[in-house]
Amino acid sequence: MTTPLTAPLKQSASCPRCSGTGWVTTDADDPDATLRRCSCYANQDVDRRLENSLIPQRYKIARLNNFDHYPGIDETLQEAQLIAEKFAEAYPNQKDPGLLFQGPSGVGKTHLAVAILRELVTNCGITGRFVDYRDLLRSIQNSYNPVSKTSEIEILYPVLNADVLLLDELGTRRPTDWVRDTVTQILNDRYKRERVTLITTNYEDDNTDPSVPILAERIGPYARSRLYEMCREVPMHGKDFRQITGRGTVHGATDQPQSSRATGRAHAP
Ligand SMILES: Nc1ncnc2c1ncn2[C@@H]1O[C@H](COP(=O)(O)OP(=O)(O)OP(=O)(O)O)[C@@H](O)[C@H]1O
Ligand SMILES: [Mg+2]
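So, a few notes on the structure that sits alongside this text. (Residues numbered from 1 in each chain as written. Chains lettered and ligands numbered in written order. Predicted model: local features only at pLDDT ≥ 70, side-chain atom pairs only at ≥ 80, totals over all residues. Heavy atoms only, no water.)

1. A closer look at helix α2 (residues 75-90)
Over its 16 residues, α2 extends 23 Å from the first C-alpha to the last, a length consistent with the 22 Å expected when each residue adds 1.5 Å. Along α2, the positions that sit buried rather than exposed are Leu-77, Ala-80, Gln-81, Ile-83, Ala-84, Phe-87 and Ala-88. What you see down the axis of α2 is that its buried residues fit within an arc of 165 degrees, all on one side. Facing away from the buried side of α2, by more than 90 degrees, are the exposed residues Glu-75, Lys-86 and Glu-89. (Helix = DSSP H or I, 4+ residues; strand = E, 2+ residues; numbered from the N terminus. Expected span 1.5 Å × (residues − 1). Buried < 20%, exposed > 50% of the residue type's maximum accessible area, 1.4 Å probe, protein only. Arc of directions from axis to C-beta.)

Here it is as structure tokens:
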């Protein structure tokens, strides 16, 4: 990618100037140009900002205070909830620059990350954006198609400029040089401008099972390196909530499903 990443958006559903991020730049060709608040920002009420944050329907009810403590809950989940609550409460003076929720499927990583995003958009006047990693890369790739109506810049602008970005499922796309370069450039841009990024991933940093790749292998060492400074790691382990609720109510669960640490393998490369 050689396009300047802070170029303004040409078209968008929410605001043709800022794509709902609330930020515009005067110099589209200068990646280090200063951003200023878009004129639409003053008129963006909470509902509009929530709508612009593109939280998926499935997570519309995810809140910090409805993260259940079911029987036998792993202590990393309680710790993760506490970290999330503190982060949202202290923002913008939180001590962690961002958060990286790491763990197997169904432990509530996206739930907690969405809950923070919602809280900040609702209470702190920020613009937020939920982005699925695979969808993002697919959209960028599709934008190279000459018949595509959307340019790479149009896709990237809100991702780079949202006050708080939630990048969900980091690493799920099979790593190629292009994937690694693209994710590095996105993270690097937010890193340089010290923008808050919340991330979820199934990939961990150490793995006792050599057949399961680690995060650095999935996104490349440069991107992983930036994350050390951008995000506090929040390990989450325990049962797959989807499996538990599939068997009845959470609180009434008597079966002890296999630990998802054992079963919740990272996605195959
Ligand atoms: N402790 C919890 N309390 C209430 N709901 C939960 C809890 N943990 C998970 N859920 C719910 O279970 C579902 C799965 O959780 P979520 O999608 O956050 O898991 P995940 O860790 O992101 O999984 P994956 O790695 O597969 O994306 C969601 O509907 C979520 O709201
Ligand atoms: Mg998830």
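The structure having been displayed, the exposition proceeds.
2. Quick look at the sheet that holds strand β6 (residues 196-201)
The 5 strands lie next to each other as β4-β5-β6-β3-β7, forming an open sheet whose pairing is parallel. Each edge of the open sheet is held by one strand with a lone partner, namely β4 (128-132) and β7 (232-235). Each adjacent strand pair in this sheet contributes to an overall mean axis angle of 15 degrees, direction not counted. Summarising the sheet, strand β5 (residues 164-168) and β6 pair through 4 bridges and their orientation is parallel. Counted as the bridge partner of Leu-165 is Thr-197 from β6. Across the sheet, helix α4 (residues 133-143) is in contact with β4 and β5; its angle to β4 comes to roughly 85 degrees. (Pairing = 2+ DSSP bridges. Axes fitted to C-alpha atoms, helices over the stretch in contact; angles between N-to-C directions. Contact = heavy atoms within 4.5 Å.)

3. Here we look at the nonpolar core
Core analysis: the largest hydrophobic core is formed by 35 residues, its most contacted members being Ile-116 and Met-236. Counting residues per element, the ones that place at least two in this core are α2, β3 (99-102), α3 (109-123), β5 and β6. Contact partners of Met-236, with chain neighbours within four places excluded, come to Phe-67, Thr-76, Leu-77, Ala-80, Phe-101, Gln-102, Gly-103, Pro-104, Val-107, Gly-108, Lys-109 and Leu-112. In terms of nonpolar packing, the next biggest core, distinct from the first, is built from 25 residues, Tyr-133, Leu-165, Ile-186 and Leu-227 among them. (Core = buried A, V, L, I, M, F, W, Y, C linked by side-chain atoms within 4.5 Å.)

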